[in-house]
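Close look at the chain arrangement
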Amino acid sequence: MTGLRFISTRGQAPACGFADVLLAGLAPDGGLYMPEAWPQIDLSEIAGKSYAEAAFAVLKHFAGGDFTDAELKADIDSAYAGFDDARIAPLVEIGPNLFLLELFHGPTLAFKDIALQVLGRLFARALAKRGGRATVVAATSGDTGSAAIAALGGLANIEVFVMHPKGRVSEVQRRQMTTSAHTNVHNIALEGSFDDAQAIVKDLFADTVFAASVHLTAVNSINFARIAAQSVYYFTATAQLEKPATFVVPTGNFGDVFAGEAAMRMGLAIEKLVVATNANDIMARALNEGVYEAGRAQHTLSPSMDIQVASNFERALFEASGRDADWTRRAMADFARDKRIVLPASVRAALAERYEAFRTDDTETLATIRLVHAETGRLIDPHTAVAVAAAGRLPIDAFKPKIVLSTAHPAKFPDAVREATGQIPPLPPRLTDLFNREEKMTALAPDKGLVQAYITARVAAS
Ligand SMILES: *Cc1c(COP(=O)(O)O)cnc(C)c1O
């Protein structure tokens, strides 16, 4: 089948189709996949449609070469059938021209479900067509692991290994991972930090003999399929308001906010993309000062944004440099070596056309949760609060709507919400027995050899 081709941001990998991009994640030259050209989508193709129909209208442009319309529709429909809110990504007004785009109505209460529920189904379908197997390994500080398990648990030909730092994820997050009843799900409680877990995952991928032997793959946000699926809610939200908005996005790995740039490049009118960071402000510094420099990761109340590098920024740099893959490759090599790059004036100017950035610390995050509760009666989670605080720093314009991406349900982070408001947000009814379900996990010392032996044995037994 012919379809849209994908190229690497570093220019040294062969172009390939959507299913290859989906199954591989990272390009073989270390770059990130991007469409060779952005499809153009008119808002009239989205307006008045259900969320699933809108997702199909967007995703068919990317996936159409490898999946039939019927296959794509079936997977999208079943992905969103299990959400708690039939609107999937409802828009609620919390102030004059200030909206929350609620992205947390999926199975694990965070926005990652919106892309991963579709991705998992397409992944299994692509494997079945090719007759292959895959081993997905992920390190998680909480949300990615539970979303990956919810998306891949029970699927044929896939074994899922999720490593979380033992004792360092919230109890809700841990139980969402460890209470999965599916036999293809394997939880590792690593006796170390998240950085230890991530370093082991990197080592496993670098061990090419091992990686090939178990068909190792990743479903983290560098996978272009996730970006494509996340671009959909920028379209549906804009279609509902019938005018261009400023989107304010709580940002970690830069995947969600880059999905907004993707929507713009597909023709959607967006006023501005506001990058909201917590104290881990590498992206705010890069956009405001022109220096992209890794710091030390700090623990904050919004742990899913506690990152040192923002992998998807490479995609924005590729675009901002006029798709100059040679420059992007050199810049990423410099960054790998020096942990720092100075952005050229032309790249900074191109980024400034779409992005603004603000940083919010934990004190202001708590104050924002309290303020929103006092003014509207709503409880918001700390990630959403970081973005609401950033929205508050924008000039007030009575005619231009601001949409804050609300990326997690408050019940997923009850401690911060209680500290700010004295209230404990209730879990949705389907999760009320979460604390009574049986947990399954294996504690391992942070040692690549041990983890590798564990994976090899489980894959052999599957
Ligand atoms: C992952 C996550 C983010 C950050 O998204 P990126 O795509 O990594 O920028 C923000 N909020 C929540 C709740 C998350 O789980």
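Overview of the structure. Sequence positions are assigned chain by chain, starting from 1 and proceeding in written order. Note on the predicted model: pLDDT of at least 70 is required for a residue's local features to be given, and 80 or more for side-chain atom pairs to be given and counted; whole-chain, interface and lining totals, by contrast, use all residues. Hydrogen atoms and water are omitted, and side-chain values are computed over all heavy atoms in the structure.

Here a helix means four or more residues in a row that DSSP labels H or I, a strand means two or more in a row labelled E, and each is numbered from the N terminus. Secondary structure assignment for the chain yields 18 helices and 15 strands. For the radius of gyration, the atoms used are the C-alpha atoms, and the globule rule reads 2.2 Å times the number of residues raised to 0.38. Over its C-alpha atoms the chain spans a radius of gyration of 21 Å, differing by no more than 12% from the 23 Å that the globule rule assigns to 462 residues. Principal axes of the C-alpha set define a box for the chain whose edges measure 60 × 50 × 50 Å. Out of the 462 residues in the chain, the part that is buried amounts to 59%. Contacts in the chain between residues at least 24 apart in sequence constitute 75% of all its contacts with a sequence separation of at least 6. Reported accessibility uses the Shrake-Rupley method at a 1.4 Å probe radius. Residues are deemed covered only where the shown protein chains occlude them. Roughly 17800 Å² of accessible area belongs to the chain as shown, and the carbon and sulfur atoms make up 51% of that amount. Considering the chain, the positive charge centre built from 45 side chains and the negative charge centre built from 52 side chains are found 2 Å apart. Accessibility here uses a 1.4 Å probe with only protein chains present; expressed as a share of the type maximum, an area under 20% marks a residue as buried, one over 50% as exposed, and anything in between as partly exposed. When checking whether two residues touch, look at their non-hydrogen atoms; a contact exists if any pair is within 4.5 Å. Working convention for charge: Lys and Arg count positive, Asp and Glu count negative, and His plus the chain ends are omitted. Here the site of a charge means NZ on Lys, CZ on Arg, CG on Asp, or CD on Glu.

We now examine the sheet that holds strand S10 (residues 272-277). What makes two strands pair is DSSP finding at least two bridges between them. Taken in spatial order, the 6 strands make up an open sheet running S3-S4-S14-S9-S10-S13, and their pairing is mixed. Edge positions in the sheet fall to strand S3 (91-95) and strand S13 (355-359), since each has one partner strand and no second. The sheet shows a mean angle of 25° between the axes of neighbouring strands, taken without regard to direction. The pairing of strand S9 (residues 246-250) with strand S14 (residues 402-406) spans 3 bridges and is classified as parallel. Each residue of the ladder has a partner; that of Thr246, found in S14, is Lys402. Working convention: axes come from line fits to C-alpha atoms, limited for helices to the stretch in contact. Angles between N-to-C directions cover 0 to 180 degrees.

The next thing to look at is the site of the ligand. In the vicinity of the ligand lie 15 residues, with Lys112, Asp143, Gly252, Asn253 and Thr407 positioned nearest. Separating an oxygen atom of the ligand from a backbone N or O atom of Gly255 is a distance of 3.2 Å. Contact with the protein chains hides 97% of the accessible area of the ligand, taken as 380 Å² for the molecule alone. Here the residues of the shell around the ligand are counted per class, giving 5 nonpolar, 7 polar and 3 charged. Working definition: residue near molecule or strand if any one of its non-hydrogen atoms lies within 4 Å of it. What qualifies as a polar contact is a pair of N or O atoms within 3.5 Å, subject to a donor-acceptor requirement within protein and to the restriction that residues adjacent in sequence count only when both atoms come from side chains. Basically, the charged four are Asp, Glu, Lys and Arg, the nonpolar ten are Ala, Val, Leu, Ile, Met, Phe, Trp, Tyr, Cys and Pro, and anything else, Gly included, counts as polar.

Looking now at helix H10 (residues 255-265). Of all 11 residues in H10, 10 are buried; the element is thus mostly enclosed. Immediately downstream of H10, the backbone of Gly267 shows phi near 110°, a positive value.

For the rest of this paragraph, the subject is helix H15 (residues 362-376). When the terminal C-alpha atoms of H15 are compared, their 21 Å separation across 15 residues agrees well with the 21 Å that a helix rising 1.5 Å per residue should span. For H15, every residue scored as buried is listed here: Thr365, Leu366, Thr368, Ile369 and Val372. Seen end-on, H15 carries its buried residues on one side only, within an arc spanning 160°. Exposed positions of H15 whose direction lies more than 90 degrees from the buried face are Thr363, Ala374 and Glu375. Expected span of a helix: the number of residues minus one, times 1.5 Å. The arc under discussion is defined with respect to the helix axis, by the directions toward the C-beta atoms.

This part takes up the pairing of S3. A large share of S3 lies buried, amounting to 4 of its 5 residues. Of the strand pairs in this sheet, S3 and strand S4 (residues 98-102) are connected by 4 bridges, and their pairing is antiparallel. Pairing of Val92 across the sheet is with Leu100, part of S4.

The salt bridge criterion pairs a side-chain nitrogen of Lys or Arg with a carboxyl oxygen of Asp or Glu, the two atoms within 4 Å. Counted by the stated rule, this structure contains 28 salt bridges. Of the charged contacts, one joins Asp20 and Arg130 as a salt bridge, the two residues approaching to 3.0 Å between their closest N and O atoms. Of this pair, Asp20 sits in helix H1 (residues 18-24) while Arg130 sits in helix H4 (residues 112-130), placing them 110 residues apart in sequence. With relative accessibility at 30%, the residue Asp20 sits in the partly exposed group. A salt bridge links Asp334 to Arg337, with the shortest nitrogen-to-oxygen separation between them at 3.3 Å. You can see Asp334 and its partner Arg337 sitting in helix H13 (residues 325-338), 3 residues apart, about one turn around the helix. For Asp334, a relative accessible area of 29% corresponds to the partly exposed category.

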